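Structural features, examined
Listed below, chain by chain, are the residues.
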Amino acid sequence: MSLAADVRVRRGAVHVELAVDVPAGSVLAVLGPNGAGKSTLLRVLAGLLPPDGGRVEVDGEPWDDVSAGVHLPAHRRRLGMVFQDYLLFPHLTVLDNVAFGLRTRGAGRREARAGAAEWLARVELGDLAARRPGQLSGGQAQRVALARALAGDPALLLLDEPLSALDARTRLTVRAELRRHLGAFGGATVLVTHDPVDAMALADRVLVVEDGRVVQAGPPAEVARRPRTDYVARLVGLALLPGTGEGTSVRLDGGGRVAVAEQAAGPVLVAVRPESVALWPERPAGSPRNTWPVRLTGATPHGATVRCELDGEVPLLADVTAAAFAELGLAPGMQLWATVKASEVTVYAR
Amino acid sequence: MSRAERSVPAPLLIPAVVAVAFLVLPLVGLLVRTPWSGLWPQLTAPGVGEALRLSLVSATLATAVSLVLGVPLAWVLARSRIRGRGLLRALVTVPLVLPPVVGGVALFLVLGRQGIVGRWLDEAFGITIPFTTTAVVIAETFVAMPFLVISVEGALRAADARFEDAAATLGADRWTTFRRVTLPLVAPGIAAGAVLCWARALGEFGATITFAGNFPGTTQTMPLAVYLALQRDPEAAIVLSLVLLAVSLATLLLLRGRWLGRSGAGAVP
Amino acid sequence: MRIRDIGATALAVALLAGCGTDGGGRGGGSDGGGLGGTLTVLAAASLTDVFTDLGARLEGDHPGLEVRFTFAGSSALATQITQGAPADVFASANPDQMAVVTDAGLTDGEPEVFAANVLEIAVPADNPGGVTGLADFAREELTLALCAPEVPCGAAAEEVLDAAGVPAAPDTLEEDVRAALTKVELGEVDAALVYATDVAAAGDDVEGIAVPEAEDAVSDYPVCVLADAPNPAAARAFVELLRSGDGQAALSAAGFRLP
C-alpha cells in the first residue's frame, strides 16, 4: 500500500510541481508555509483536483495518469482524509459519520454501524456514538474524523493540518494518540502541516515545500540539523548563513567570518543553533574566535527561555534563560556581544 | 449583556415599524370591513369549501412538482460547471418578472390545444390541458417554482461545499453525496423555499385564470372566487379573502413549528 | 450632446403633429364653444375604441379641452365612484351598475341610454367546432367559454341560455368578456358567448354568429353626468355628442345597437 506521485498542477499564482514517494506503513510530512501548495497536493492525491500533468500511483495502480487520460474520481479511490476542520456531517450522529464510508462502500446499515462502533471504541469515544458533531470538543471531533477516515480501510491516508484547530494542551495529547494510530496503520500516510513539531513527531520523512517546489526532503532529524533554506532554518530554530568555506573558517556572503571546527571549502551553509549563542554586555575577555558585535532587535519568551533576535554583521538567534535576560537588563536596541564556540557551528555543503 | 446593547437602533427600528404597518394595515382594513354578522352564511355558501379545497390541493401539488424539478435545477445552477449557467439563471427568473396573465398566455402557446406541445398531445393522445385542474397546477407551478429554485440555490451556495468533498473521500458518488449530505444540509433552505413556493401558488391568480379558466370545482381556486365575488358582492369577497388568509397563516405557523423551527440545527459547523 | 439633439427633434415632431391635429379639428367645423380644462370619463371596457375616437373628436372641436378616460368593468367603476373618485361622466354597460351610482345620489339628472349591446357567438376563424347556434353550447365535447355570472356578460348569457332552454356545458366562466374573447382568438375554445361589439373589434381571428334568442336580452348602456363633476359643461357636451348623429353613427360602426 505504497504511494508514488509526481504531479504538476497550476492553481492561480501557484505552480505546484511535486514528487512524493511513501512506502507502505510510513508517514510523509509535507511542511511549508501557507500558500506553498501543500493543500493543493493533498487535493490532487484525493482526486478532488485533477492534476495538469504527471501520475499518482497507489500500489502500482494508477489513480491519475494525465498522459494516459486516467483520472479516478475521489469516491473510487481507497483513501481516507482528515480535514483541517474535520468536516464531520452536522446532520448525522457520530456513529453515522464513522459509518458513512462503510455504507458507501457497500456495507449494510447494521454492518456499517457495527464497524463504526468498533472504530469509535478504538479512538476511545464509544460512549459518544449518539452525539451530534456540534456537541463534541475539538479533540473529540479530531478523533471522530480520524476514525471516519480509517474505518473504510484505506490504502492512503491524507491528513490536512490535523492538529491546527486544537489548543496547545489538547494538541499534545491528540498528537501522541495520532502517532499511535499512524503507527498501527498499514497504508501510506501523507500529512500536511505548517507546524514543524507535528512533522518531527509524526513523520518518517519530511518534505519541505515552498512556492510549489520541494526545497528539502529527508528524515526529520536530518532536516532539523541541516536546514537548506532560511525558512526551514527559522522553522526549526536555526540561524542559517550562506558563505564560502576557507579552511577552518567560512567567509559569509553577507560579510563577516565564522570559525568552524571542521575543514570547509566552497559554497556552504553555516547553521547556528540559538541555544549555543551566548550574549555579553561587554566584549568578553579571552574572546573566543567567534565574537561579534550585535544589536538586540527583538525578544520572544519561549517557555523558560527568551529567544533573542540579533542583528549585525552576522544575524543570529540566541536563546537565553529568562533569569539571565532579566539579570543582563536586556532590552531591544541594546548593543551586545555574541559568542559561539566553533565546535557548536554546523557546516554543510550547499 | 445589558438591555441597552440589545435594543434596536432607531435607524433600524423606525423603518421596521413602518414596514410592519405597511404590511399589516391592509389586513386590518379587511378585518374592519368584515361583515361579522353575515359571516357564517357567507362561509357556508356553496362553492366556498370547494374553492378552498381546490386551492390547497393545487398549491400543494404545485409545490411538490416544484420540489421534484426545482431542487435538481437549483443544484445544477449552484454546483455544476455547465456552460450558459448565467443565462439559465436569468431564464429561471423570467416567470418572476412576467405579468402572470402573460405567463398564462405563454402556457397556452405551448400547452394549449393549438400550442406547440399541446397540439401534439391532443392529436396523439386526445389529451387537452387547458381548463382542467392539471392546468391549475401547471400555471401555479410556472409562477411559483422560481421562488423555490432561487431559495434553494441560495442555500446551496451558502452551504459549505467541502462537506461534499469529504463525502467523496468517503466513497460517495455525486448522487449519494447529494442525497445523504447536500440535501440534509440545505433542508432548512428547501423548507423555506417550499413555503414561499406554496404561498405564491396559493395566491396565484393571473396565470391560473388565463390558462386554466374559471370553473367551480375544477379550476376555480380561492383567488378566482374572490375576484369574481368582488364583481358582485364585495362583502363576500372580503370574507373569502379572510378564509384564504386564515388557512394559509395557520398552515405556515404549523409548519414553522414543525420543521422550520429546527433550521438552526443545520448551521452547526 | 447627441441624445439631447435627438430629444429636441422628437419634441419638435410632437409639436408639429399636435398643431396639425388642432388645425384639422378647427377647420372641420364648430366654433370652439369655449370648453376647456380636463374632462374625466369613466366608461365600460367595451366602449374603449369608440369612446377614444369620440374623445379625440371633442378635443378637436375644443382646443382647450383634454379628455381623459378610465376604461374598466362597470362594477369596478361604480365602486370607484361611490368611493369618491373625481370624475365627470360615467358610462355603464349595465343599468344595474348605473343604479348603484344613482341610488347613492351621485348623478346629476336621470341616466340616458345611448347604446345597447347584444350577445353574439364568437368562434375561431375556421370554426373548428362547427358551431352554428346557441344550441351548440350544450355540446359536452366542445370546449366552451361563457362569462362568469358575476359579470354583466355572464348574467346576460345565463338569461339567454335559460330562456332558450339550452343546458349549457361551459368549460370555463371567464372573469370578463375580453378574457373570453382572447381564448377564442387563441383557438383554445370552440365558442364563447360575448358581445357583438367585441366580435366587431376582434378582427380576422374571430367570426361572429348572430344569436336570435339574444334579442330579448339586449343590454342597455346608460350614461350620466356625475353630481360632483369638476367640469359639468364639458361633461354635458360629451353626453350630447353620444346622442348626436355623429356619435350614434360611430357607435353603430363599432357594433352597438342604437336605442
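The model shown is predicted, which means the values in this text are computed figures rather than measured ones. For every chain, the first residue of the written sequence is number 1, and numbering continues from 1 along that sequence. Naming scheme: in the order in which they are written, chains are lettered from A and ligands are numbered from 1. Residue-level local features of this predicted model are given only where pLDDT is at least 70; pairs of side-chain atoms are given and counted only at 80 or more, and the full residue set underlies all totals for whole chains, interfaces and linings. Note that water and hydrogens are dropped before the side-chain values are worked out from all heavy atoms of the structure.

Here we look at the sheet that holds strand β8 (residues 156-160) of chain A
Residues and elements named next belong to chain A.
- Pairing between strands is defined by DSSP: at least two bridges between them are needed. Numbering of helices and strands runs from the N terminus; a helix is a DSSP stretch of H or I covering at least four residues, while a strand is a stretch of E covering at least two. Strand order in this open sheet of six strands is β7-β8-β9-β3-β10-β11, and the pairing throughout is mixed. Among the strands making up the open sheet, the edge pair consists of β7 (79-82) and β11 (213-218). On average, each strand axis in the sheet is tilted by 15° relative to the strand beside it, whichever way the strands run.
- Taken together, the five bridges between strand β10 (residues 205-210) and β11 define a ladder with antiparallel strand orientation. Within the sheet, the bridge partner assigned to Leu-207 lies in β11 and is Ala-217. Orientation is described by axes fitted as lines to C-alpha atoms, over the contacting stretch for helices, and by angles from 0 to 180 degrees between their N-to-C directions.

Here's the deal with the packing of helix α5 (residues 85-92) of chain B against helix α9 (residues 133-158) of chain B
All names here are of chain B.
- As a packed pair, α5 and α9 sit with axes 10 Å apart at the nearest point and diverge in direction by 140°. As the angle between them shows, α5 and α9 are arranged oblique. Facing Arg-85, Arg-89 and Val-92 of α5, the residues of α9 in contact are Pro-146, Val-149, Glu-153 and Arg-157.
- In this classification, the charged set is Asp, Glu, Lys and Arg, the nonpolar set is Ala, Val, Leu, Ile, Met, Phe, Trp, Tyr, Cys and Pro, and all remaining amino acids, among them Gly, are polar. Partitioning the contact of α5 with α9 into residue classes produces three nonpolar, no polar and four charged. When an angle is under 35 degrees it counts as roughly parallel; over 145 it counts as roughly antiparallel; between 65 and 115 it counts as roughly perpendicular; any other value is oblique. Any two residues whose heavy atoms approach within 4.5 Å are treated as being in contact.

Quick notes on the interface of chain C and chain B
- Tallying the contact residues gives 20 residues for chain C and 19 residues for chain B.
- Both faces considered, chain C and chain B share a buried interface measuring about 1,800 Å² in area, 56% of it formed by carbon and sulfur atoms.
- It is Glu-150, Glu-175 and Glu-188 of chain C that lose the most area in chain C upon contact with chain B, and together they represent 35% of the buried surface on that side.
- Salt-bridge detection follows one rule: a side-chain nitrogen of Lys or Arg within 4 Å of a carboxyl oxygen of Asp or Glu. Put simply, chain C and chain B have one salt bridge between them.
- A salt bridge links Asp-190 of chain C to Arg-113 of chain B; its shortest N-O distance comes to 2.8 Å.
- Polar contact is defined as a pair of N or O atoms within 3.5 Å, subject to the rule that within protein one atom must be able to donate a hydrogen and the other to accept it, and that residues adjacent in sequence are counted only when both atoms are side-chain atoms. The interface formed by chain C and chain B contains eight residue pairs in polar contact (both at pLDDT 80 or more).
- Residue classes in the side of chain C that touches chain B are distributed as eight nonpolar, five polar and seven charged. Using a 1.4 Å probe, buried area is obtained as the accessible area two parts lose upon being combined, added over both of them.

Remarks on the pattern of salt bridges
All names here are of chain B.
- Applying the stated criterion across every chain, the model contains 31 salt bridges over all chains.
- Between Arg-200 and Glu-204 there is a salt bridge, and its shortest N-O distance comes to 3.9 Å.
- Using a relative accessible area of 24% as the deciding quantity, one classes Arg-200 as partly exposed.
- Take Glu-204: its relative accessible area is 1%, and that puts it in the buried class. Only protein chains enter the calculation, and the probe is 1.4 Å; a residue is then buried if its accessible area is under 20% of its type maximum, exposed if over 50%, and partly exposed in between.

Focus: the environment of Ala-264 of chain A
Residues and elements named next belong to chain A.
- Structurally, the position occupied by Ala-264 is in strand β13 (residues 257-272).
- Judged by relative accessible area, which is 7%, Ala-264 ranks as buried.
- Separated by 162 residues in sequence, Ala-264 and Leu-102 have C-alpha atoms that sit 58 Å apart.

A few points about the packing of aromatic side chains
- Here a Phe, Tyr or Trp ring, Trp counted by its six-membered ring, pairs with any other such ring whose centre lies within 6.5 Å, and the pair is stacked when the planes are under 30 degrees apart, edge-to-face when over 60, and tilted otherwise. By the definition in use, this model includes 15 aromatic pairs over all chains.
- Ring plane angle 45° and centroid distance 4.9 Å describe the contact between Phe-205 of chain B and Tyr-227 of chain B, whose orientation is recorded as tilted. Within this pair, whereas Phe-205 of chain B is found in the loop between α12 (187-202) and α13 (206-211), its partner Tyr-227 of chain B is found in helix α14 (residues 222-232), the two being separated by 22 residues in sequence.
- Centroid distance Phe-51 of chain C to Phe-238 of chain C: 5.2 Å. Interplanar angle 80°. Geometry classified as edge-to-face. Of this pair, Phe-51 of chain C sits in helix α2 (residues 48-61) while Phe-238 of chain C sits in helix α8 (residues 232-243), and the two are 187 residues apart along the sequence. As far as the burial class goes, Phe-51 of chain C and Phe-238 of chain C line up, both buried.
- Seen from the ring of Trp-119 of chain A, Arg-122 of chain A lies directly overhead, with NZ or CZ sitting 4.0 Å from the centre. The criterion is that NZ of a Lys, or CZ of an Arg, lies within 6 Å of the ring centre and within 35 degrees of the ring normal, and then a charge sits over that ring.

Some details on the UniProt feature "binding site: molybdate" (unreviewed entry) in chain C
Residues and elements named next belong to chain C.
- According to UniProt, the "binding site: molybdate" (unreviewed entry) feature falls on Ser-46, Ser-74, Val-177 and Tyr-195.
- Secondary-structure assignment places Ser-74 in helix α3 (residues 74-82).
- On the accessibility criterion, Ser-74 (4% relative accessible area) is buried.
- Topologically, Val-177 is positioned in helix α6 (residues 177-185).
- Residue classification places Val-177 among the buried residues on the basis of a relative accessible area of 13%.
- Apart from residues lying up to four places away in sequence, Val-177 is in contact with Cys-147, Cys-153, Val-194, Tyr-195 and Asp-198. UniProt positions are given in the numbering used here, feature names are shortened, and annotations may be inferred rather than shown by experiment.

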